[in-house]
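Commentary on secondary and tertiary structure
Residue-level listing of the chains:
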Amino acid sequence: MPLLEVRDLTVEYTTQRGAMRAVDGVSFAVEAGQHLGLIGESGCGKSTLGRALLRVLPRNGSIAGGEIRLNDRDLVTISEEQMRRARWRELSMVPQSSMDALDPVYRVGDQIKEVLTNRGDYNRRAARERAVELFALVGLAKDRLSNYPHEFSGGMRQRAVIALALALEPDLVVADEPVTALDVIVQHQVLKTFRELQERFDLSVIMITHDISVVAETCDEVAVMYAGKIVEQTSVERFFHQPFHPYTLGLQNAYPSLHDANRVLISIDGYPPDLIDPPSGCRFRDRCPFAIERCQHEEPPLIEVAPGHRAACHRWPEVEKLRSLAKEAATWQKRP
Ligand SMILES: Nc1ncnc2c1ncn2[C@@H]1O[C@H](COP(=O)(O)OP(=O)(O)OP(=O)(O)O)[C@@H](O)[C@H]1O
Ligand code: SF4
Ligand SMILES: [Mg+2]
């Protein structure tokens with residue numbers, strides 16, 4: 001049985017223009033010890049999905065339907081008190097901005113100790129020892145525990161937030177763009193720390209990112225989101241070598257290749273649709289060079305296109321042809 005099973009999850013925001021469905025009928029599972037990358041461009045619903053898992057949505061956001069099964073119960077329906085106990089102990093989050101996770105007026109060490117004593121069963125002395133241990137785990141010197149957040153560099157702050165998220169040994173960490181603000185060398189160090197922790201503690205991670213190279217470096221499995229929906233999910237290996245969805249093909253074109261440094265980068269023109277009034281049919285159709293009449297009115301279901309590989313595109317049986325055409329810059333210039 002998977003550690004986490006999300007079924008048909010829908011999350012809405014109330015806005016002045018009407019209800020916005022930022023996550024729309026999303027289903028996926030995470031196994032114990034698995035590292036799932038959640039990828040997609042800005043505004044596709046990644047953070048909303050991550051925050052819904054912990055039930056820490058902004059005031060105007062709510063879970064409109066679906067299930068989030070973790071350790072044999074549904075996090076959508078348990079009481080706020082039960083959810084409070086599950087946070088930190090069973091699942092925790094590294095939020096998109098590390099400054100959001102740390103209170104600027106408290107010393108970082110005190111913040112970690114507070115989680116250990118208030119949310120866990122640690123007494124003050126054990127909490128002190130555990131804080132030192134956690135700092136060592138993420139590569140921070142123990143004398144830094146007495147620093148305030150602003151005395152840390154971006155990379156150090158990010159490590160401190162990871163230490164905080166790991167404080168009570170959760171089964172699952174949702175890490176929202178944990179390295180986006182960091183330079184490439186520090187990025188690599190922080191991702192390496194994640195990978196080591198995963199192996200050491202059998203930790204499951206949902207790694208939210210818009211960066212394909214982060215997925216390549218740390219993940220076993222990838223889910224691609226577009227306009228509130230998962231459009232493709234598969235192993236990292238297949239994601240890079242046998243992608244099915246035209247949006248995934250487009251994303252890969254937009255990033256430098258490890259194997260072909262001279263490849264010309266091709267971007268996907270246009271923007272994702274307005275989620276208050278999404279288009280009929282396939283949500284990618286206005287940017288997809290392979291769109292056909294059927295894509296205008298019939299929504300492609302997310303179906304198994306190969307063992308352990310799901311994709312939502314009407315033209316998946318022609319994938320070999322689409323992959324080859326997608327490599328040409330000209331293909332992406334003649335959109336519908
Ligand atoms: N509090 C809010 N109220 C209304 N709409 C919101 C709110 N938060 C997010 N949204 C909208 O929900 C959609 C999904 O936003 P979300 O932050 O989940 O995207 P994301 O994939 O994490 O993007 P990014 O890569 O920029 O972090 C976007 O259209 C966004 O404008
Ligand atoms: S369903 Fe149609 S528009 Fe959507 S990705 Fe496939 S070919 Fe493109
Ligand atoms: Mg986000």
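Each value, and the rule that gives it
- Residues numbered from 1 in each chain as written.
- Chains lettered and ligands numbered in written order.
- Predicted model: local features only at pLDDT ≥ 70, side-chain atom pairs only at ≥ 80, totals over all residues.
- Heavy atoms only, no water.
- Helix = DSSP H or I, 4+ residues; strand = E, 2+ residues; numbered from the N terminus.
- Rg over C-alpha atoms; globule rule 2.2 N^0.38 Å.
- Buried < 20%, exposed > 50% of the residue type's maximum accessible area, 1.4 Å probe, protein only.
- Contact = heavy atoms within 4.5 Å.
- Areas by Shrake-Rupley, 256 points an atom, 1.4 Å probe, with all protein chains shown as cover.
- Lys, Arg positive; Asp, Glu negative; His and termini not counted.
- Charge placed at Lys NZ, Arg CZ, Asp CG, Glu CD.
- Pairing = 2+ DSSP bridges.
- Axes fitted to C-alpha atoms, helices over the stretch in contact; angles between N-to-C directions.
- Domains from an automatic or database assignment.
- Buried area = accessible area lost by both parts, 1.4 Å probe.
- Salt bridge = Lys/Arg side-chain N within 4 Å of Asp/Glu carboxyl O.
- Near = heavy atom within 4 Å.
- Polar contact = N/O pair within 3.5 Å; in protein donor to acceptor, adjacent residues only side chain to side chain.
- Donors = N, O, S within 2.8 Å, 3.2 Å for Na, K, Ca; no water.
- Core = buried A, V, L, I, M, F, W, Y, C linked by side-chain atoms within 4.5 Å.

1. Details of the overall build of the chain
A tally of helices and strands in the chain yields 13 helices and twelve strands. The C-alpha radius of gyration computed for the chain amounts to 21 Å, which stays within 12% of the reference 20 Å derived for 336 residues, consistent with globular compactness. Overall, the chain is about 65 × 45 × 40 Å in size when its C-alpha atoms are taken along their principal axes. With 336 residues in all, the chain has 50% of them scored as buried. Long-range pairs, those at least 24 residues apart, make up 65% of the contacts in the chain with a sequence separation of at least 6. Accessible area for the chain stands at about 15900 Å²; split by element, carbon and sulfur atoms hold 48% of it. Charge centroids of the chain, computed over 41 positive and 47 negative side chains, lie 3 Å from each other.

2. Some remarks on the sheet that holds strand 10 (residues 229-235)
Read from one edge of the open sheet, eight strands run 6-7-8-3-9-10-12-11, paired in mixed fashion. For this open sheet the edge positions go to strand 6 (91-94) and strand 11 (303-306), each flanked by a neighbour on one side alone. Adjacent strand axes in the sheet meet at a mean angle of 25 degrees, parallel and antiparallel pairs treated alike. One ladder, built from five bridges, connects strand 3 (residues 35-39) with strand 8 (residues 204-209); its direction is parallel. In the sheet register, His35 faces strand 8, and the bridge partner there is Val205. Most of the contacts of helix 6 (residues 154-166) go to strand 6, to which it runs at about 170 degrees, and overall it touches strand 6 and strand 7 (172-176).

3. Quick word on the domain arrangement of the chain
For the chain, the assigned domains read domain 1 (4-219) and domain 2 (238-333). Averaged C-alpha coordinates put domain 1 and domain 2 at centres separated by 29 Å. At the interface, 19 residues of domain 1 touch 13 residues of domain 2. For the domain 1 face of the interface with domain 2, the top three residues by lost area are Arg17, Glu41 and Ile212, together amounting to 41%. Viewed at the interface, domain 2 and domain 1 are joined by three salt bridges.

4. Quick word on the site of ligand 1
Lining the immediate environment of ligand 1, one finds 16 residues, of which Ser42, Gly43, Lys46, Ser47 and Thr48 sit closest. Separating an oxygen atom of ligand 1 from a side-chain N or O atom of Ser47 is a distance of 2.8 Å. Gln96 places a side-chain nitrogen or oxygen 2.9 Å from an oxygen atom of ligand 1. Protein contacts shield 69% of the accessible area of ligand 1, which totals 630 Å² for the unbound molecule. For the shell around ligand 1, the secondary structure elements donating two or more residues are strand 1 (4-15), strand 2 (18-30) and helix 1 (46-54). Ranked by residue count, the leading element in the shell around ligand 1 is helix 1, at three residues.

5. A word on the coordination of the magnesium ion (ligand 3)
Donor atoms from the polypeptide that coordinate the magnesium ion (ligand 3) comprise Ser47 (OG) and Gln96 (OE1), at 2.0 to 2.3 Å from the metal. In this pair, Ser47 sits in helix 1 while Gln96 sits in the loop between strand 6 and helix 3 (98-101), placing the two residues 49 residues apart along the sequence. Of the residues examined, Ser47 reaches a relative accessible area of 21% and is grouped as partly exposed.

6. Quick word on the nonpolar core
In this structure, Ile112 and Phe135 are the most contacted members of the largest nonpolar core, which totals 62 residues. Among the elements that make up this core, the one with the highest residue count is helix 6 (eight residues). Of the domains in this structure, domain 1 (4-219) and domain 2 (238-333) are the two that each give at least three residues to this core. Aside from chain neighbours lying at most four places away, what touches Ile112 is Ala131, Leu134, Phe135, Ala160, Ala163 and Leu164.

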